[in-house]
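Commentary on secondary and tertiary structure
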Amino acid sequence: MPPPHRALSSYFDLAETTTSARKGAMMTQTDNPQAPPNRRRTVIGRVVGGVIAAAAIGTAAAGSIASASTGNDINASMTIVAPAAAGGGWDGVARELQQAQKANGLVNNVQVVNMPGAGGTIALGNVSVLEGQPNNMLVGGTGLLAATIQFNSSATLDDVTPLAVVVEEYDVIVVPADSPYETLDDLVQGWKEDPKALPWTGGGSFDQLVVTDLALSAGIDPVDTTYISSDGGGEAIQALLNGTAKAAAGGYPDNIDQIEAGRLRALALVANEPVEGIDIPTAIEQGYDVSLTNWRSLSAPSGLEDSEREALTELVLESVATPEWADAMERYHWNERIITGDELDAFLKDEETRIRGLYEEMGL
């Protein structure tokens, strides 16, 4: 008998391969700097939609095999889908949740499936068609919500069952240690003088949203800002250190080592209020109303019974109450933020409205 959810995992691997095979064609069309933004998003949306349509055909059979071998007992088996490659923030949440569940006997058989592509919307599309199958969880967060808007994806968070927000991660505004900008005010003044001449970078779409939010708070038109997208926090740091970019927004965990080593200077922490243990003034303290956090969430497929959603939510809460999870929070510099139930539904609607508004300000 194959291990639980092996068919589902194999299908996800196949979908990932299919996505990679199409990548060349997609990059040819989307990397053209002369193509209008809406056209680029439409092309990506069509590619994503095609993969999701294929998923709808394949996962029906895969789900039947998985259900036949394990049933729907969430304490017997669980597949946690990380919508990105191994090593990133979403993968970290998935792996640590897996460890917490296994170490404490909360689930007998837990596997993590990595499924990168289109900002996480490939994985979202595949999970969205596993209707009524509670043995699957999808890691998501601010970046995934943003990607559904940026790529105009066929699947949205409305197509899955939200369970909980569990942690949030803060961004920091940083410059090279030898930068002439000593404070956030210094940086903003230099930025205002010639917005296009002060290039920014960041490790992902969330970081660009933070830069956009800061621009609006400072009275700068985001459309006039030069933003160099980097593939992850490490690449963004290199862009700063080699002079390609003059400032960056990036995750605190990604930047703390360089800050402590004296290579980067932290000008502001993007948080609602000062955080214990982080000796960086917030942007709000310095007069800039920027507080967008990179929260991480867990969702399940649609079509679940109320009792199944409640059981899954309880499983998540039990998982994040373990010593293993507490250790992960310290290692990753996560901040605990638990949101469930009706409060979660309202939170997600507010975040969608906020993020959609930021994309509109960027002209996208």
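Everything here concerns the structure above.
All of the points below concern the structure found in this document. (Residues numbered from 1 in each chain as written. Predicted model: local features only at pLDDT ≥ 70, side-chain atom pairs only at ≥ 80, totals over all residues. Heavy atoms only, no water.)

Details of the environment of Val-107
Looking at where Val-107 falls in the secondary structure, it is placed in the loop between helix H3 (89-103) and strand S2 (109-114). When the C-alpha atoms of Val-107 and Leu-315 are compared, they prove to be 8.9 Å apart, with 208 residues separating the residues in sequence. When sequence neighbours within four positions are dropped, the list of residues in contact with Val-107 reads Ile-74, Asn-75, Ala-76, Ser-77, Met-78, Gln-101, Lys-102 and Leu-315. (Helix = DSSP H or I, 4+ residues; strand = E, 2+ residues; numbered from the N terminus. Contact = heavy atoms within 4.5 Å.)

Observations regarding the pattern of salt bridges
By the definition in use, this model includes 10 salt bridges. Across the pair Glu-182 and Arg-265 runs a salt bridge, and its minimum N-O distance is 3.9 Å. Pair noted here: Glu-182 is in the loop between strand S5 (171-176) and helix H6 (184-193) and Arg-265 is in strand S9 (residues 264-270), with a separation of 83 residues, a long-range link. Arg-265 sits in the buried class, given a relative accessible area of 18%. With its nearest N and O atoms 2.8 Å apart, the salt bridge here joins Asp-327 to Arg-331. Taken as a pair, Asp-327 and Arg-331 lie in helix H11 (residues 323-332) at a separation of four residues, close to a single helical turn. Looking at Asp-327, the relative accessible area reads 39%, which means it is partly exposed. Each of Glu-96, Asp-327 and Arg-331 takes part in one network of salt bridges that share partners. (Salt bridge = Lys/Arg side-chain N within 4 Å of Asp/Glu carboxyl O. Buried < 20%, exposed > 50% of the residue type's maximum accessible area, 1.4 Å probe, protein only.)

Some thoughts on the nonpolar core
Soluble, globular proteins show a tendency: their nonpolar side chains are buried together. Ranked by internal contacts, the top residues of the largest apolar core, which has 84 residues, are Met-78, Ile-173, Leu-184, Leu-187, Trp-200 and Trp-325. The dominant element in this core, judged by the number of residues it contributes, is helix H7 (residues 205-218), at seven residues. The contact partners of Trp-325, leaving out residues within four places of it in the chain, are Val-93, Glu-96, Leu-97, Val-166, Val-167, Ser-319, Val-320 and Trp-334. (Core = buried A, V, L, I, M, F, W, Y, C linked by side-chain atoms within 4.5 Å.)

Some words on the side chain of Thr-282
With respect to the secondary-structure elements, Thr-282 resides in the loop between S9 and strand S10 (294-301). What makes Thr-282 buried here is its relative accessible area of 1%.

Thoughts on the layout of surface pockets
Taken as a whole, the second largest pocket encloses approximately 440 Å³ of empty space. Lining the second largest pocket are 20 residues, and of these Leu-145, Thr-156, Asp-158, Glu-352 and Arg-356 lie nearest its centre. Those elements giving two or more residues to the lining of the second largest pocket turn out to be helix H5 (142-150), strand S4 (160-169) and helix H12 (341-361). With seven residues, the single largest contributor to the lining of the second largest pocket is H12. (1 Å grid on protein atoms, 1.4 Å probe; cavity = no way out; pocket = protein on both sides within 12 Å on 5 of 7 lines; lining within 4 Å. Points joined across faces, edges and corners; volume = space filled by probe spheres on them.)

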